[in-house]
Amino acid sequence: MKNTCAIVLAAGEGTRMKSNMPKVLSKILFRPLLQWVLNALSDAEISPVCVVTGYKSDVIIDYLQKLALPYETVIQKERKGTAHAVLTAKNFLLENIDRDVLILNGDGPFMDSRTIKNAYELHQNQGNDATVISAKIKNPHGYGRIIRDSHTGTLTAIVEEKDADETTQKINEVSSGGYWFKVPPLLEALHNIKSNNSQREFYLPDAISLLLSRGFRVNAYISQSENTVLGANDPIQLNELNNIARTGILKRLMLSGVDIPCTDGVVVTDEVQIGQNTCILPGTVITGKTIIGTNCVVGPNSHIENCLIGNNISLRAVDCSDSRIISDVSIKPFSVIRNNELV
C-alpha cells in the first residue's frame, strides 16, 4: 500500500514462556510468531518495516537477516513500555514523516492482511489521525475495552482491565494492540506520555487518550475475526494458538475437497497445497512448500516436507523431504526419502 510503513514491537523477553529465546521467536506450526506478523505485512504490501528488538536482540536480528525482505531494526536497550519502544524508532518515524504508520505487536500471529487493509481504508476514508484495530470476543477479560459514543459510535476511550468498572467489563469489543497513525500526531503524543503507573512505564494506548483529549480524529476498526487480538504469554496459550491455526488450515483443506477422516495428529502448515480426493490419515505432518496432487493417500504416520508429489500415490509411514515423486509410482511403506534418494 502506498505511503505506508510499519513498526513491529519485538523487544519482550516473555519470561512466562520458560524459554531461553525471545518471546517473538516462539513458534506456531513451526514458524516464529514474528514471522506470522511479517508475512501479514508483506501480504498487505506495507514497507518499509522497522522491528524494535530488545531481549536477545542479536538473535532476532540474525533471524531477520536470513529472510528475503530487508527489515530495519532498532534496539530498545531499556524496556520501559510500548510507547517507549515506538519512540526508540523515532528516526524511522522522522524518515517516514509523510506516511501512515502501522504499529503491531510481534507476538500477535493472527493479525491478517485483510484486517490491516480494511483498517487502513477506514483510517483514510475518515481522515483519522489514529485508528485502533479492535475485535469483539467472547471473553474480554484482560483486554483493554473499546468505549464508543452512544450516539455517533466513534471511539471515546480505551479502558484497561484494571481500570474498568463493572459496566465497562461487560463490553466485549477490545483493543488488539494494533494501530494506524499519522506520524506527526503520533510523535507529538509520544513526547507527552507520562509514566504515572505502578510499573513506571510508557504505554502506547495512552497516545490514543492524548490525541482524543486534544481533538484529533480517532476511531476504531472492528476486525471480522476475533482471533486478531490473540497472543500468547505462556506455553499453554501458545498451544492454544497452535490448535487454532492447525484447525483453521485443516478446515480450509477439507472445504477444498481434501479427505481428512480423522484429524488426530494431523498437522499441515499454511503453504502446503493438496489436491482433491487426496486422503490425509492420522499422525501425518506436512510442512514447507509441499504440493500434493489428487487421489493420493498420505499416512498414517507420514512426514512430508518441501516435496512435490504427483497423483495417485500412497505414502504410508513415509518420511520424505526435499524430493519430487512423479505420478502413479509405488512407494513402499516405511521408506525414508531425502533429495529424491532412498535412505
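We now turn to the structure provided with this report.

### Details of the layout of surface pockets
- For the second largest pocket, the calculated volume is near 510 Å³.
- What lines the second largest pocket is a set of 19 residues, among which W36, P109, F110, D112 and D270 lie closest to the centre.
- Sorting the residues of the lining of the second largest pocket by element identifies helix 1 (33–43), helix 5 (113–125) and helix 9 (235–255) as the ones contributing at least two each.
- Top element by residues in the lining of the second largest pocket is helix 9. It accounts for five residues.
- The class makeup of the residues in the lining of the second largest pocket is eight nonpolar, five polar and six charged.

### Details of the sheet that holds strand 21 (residues 319–321)
- With mixed pairing, six strands are arranged side by side in an open sheet as 12-15-18-21-23-24. Pairing within the sheet leaves two strands with one partner each, and these edge strands are strand 12 (267–268) and strand 24 (341–342).

### Focus: helix 9
- Spanning 21 residues, helix 9 covers 30 Å between terminal C-alpha atoms, matching the ideal 30 Å at 1.5 Å per step.
- Considered for burial, the residues of helix 9 that qualify are L238, L241, N242, A245, R246, I249, L250 and L253. Down the axis of helix 9, the buried side of the element spans an arc of 160 degrees, and every buried residue falls inside it. Of the exposed residues in helix 9, those oriented more than 90 degrees away from the buried face are I236, K251 and L255.
- Where helix 9 begins, the capping side chain belongs to D234, and its oxygen is found 3.0 Å from the backbone nitrogen of I236.
- Immediately beyond the C-terminal end of helix 9, within one or two residues, lies G257, with a positive phi of roughly 110 degrees.

### So, the sheet that holds strand 14 (residues 279–280)
- As summarised here, the arrangement of the three strands in space is 14-17-20, forming an open sheet in which the pairing is parallel. The open sheet terminates on both sides in strands that have one partner only, identified here as strand 14 and strand 20 (314–315).
- Relative to strand 20, strand 17 (residues 297–298) is paired through two bridges, and the arrangement is parallel. Its bridge partner being in strand 20, V297 is matched across the sheet by S314.

### Quick look at the packing of helix 1 against helix 5
- Between helix 1 and helix 5, the shortest axis-to-axis distance is 8 Å and the interhelical angle comes to 55 degrees. When the axes of helix 1 and helix 5 are compared, the pair comes out oblique. Between helix 1 and helix 5 lies a crossing of right-handed hand. Taking contact as the criterion, the partners of A40, L41 and D43 in helix 1 are, on helix 5, S113, I116 and K117.
- Of the residues assigned to the contact of helix 1 with helix 5, the class counts are three nonpolar, one polar and two charged.

About the thresholds
Residues numbered from 1 in each chain as written. Predicted model: local features only at pLDDT ≥ 70, side-chain atom pairs only at ≥ 80, totals over all residues. Heavy atoms only, no water. 1 Å grid on protein atoms, 1.4 Å probe; cavity = no way out; pocket = protein on both sides within 12 Å on 5 of 7 lines; lining within 4 Å. Points joined across faces, edges and corners; volume = space filled by probe spheres on them. Helix = DSSP H or I, 4+ residues; strand = E, 2+ residues; numbered from the N terminus. Nonpolar A, V, L, I, M, F, W, Y, C, P; charged D, E, K, R; others polar. Pairing = 2+ DSSP bridges. Expected span 1.5 Å × (residues − 1). Buried < 20%, exposed > 50% of the residue type's maximum accessible area, 1.4 Å probe, protein only. Arc of directions from axis to C-beta. Polar contact = N/O pair within 3.5 Å; in protein donor to acceptor, adjacent residues only side chain to side chain. Axes fitted to C-alpha atoms, helices over the stretch in contact; angles between N-to-C directions. Parallel < 35°, antiparallel > 145°, perpendicular 65-115°, else oblique. Left-handed = near helix turned anticlockwise from the far one by under 90°. Contact = heavy atoms within 4.5 Å.

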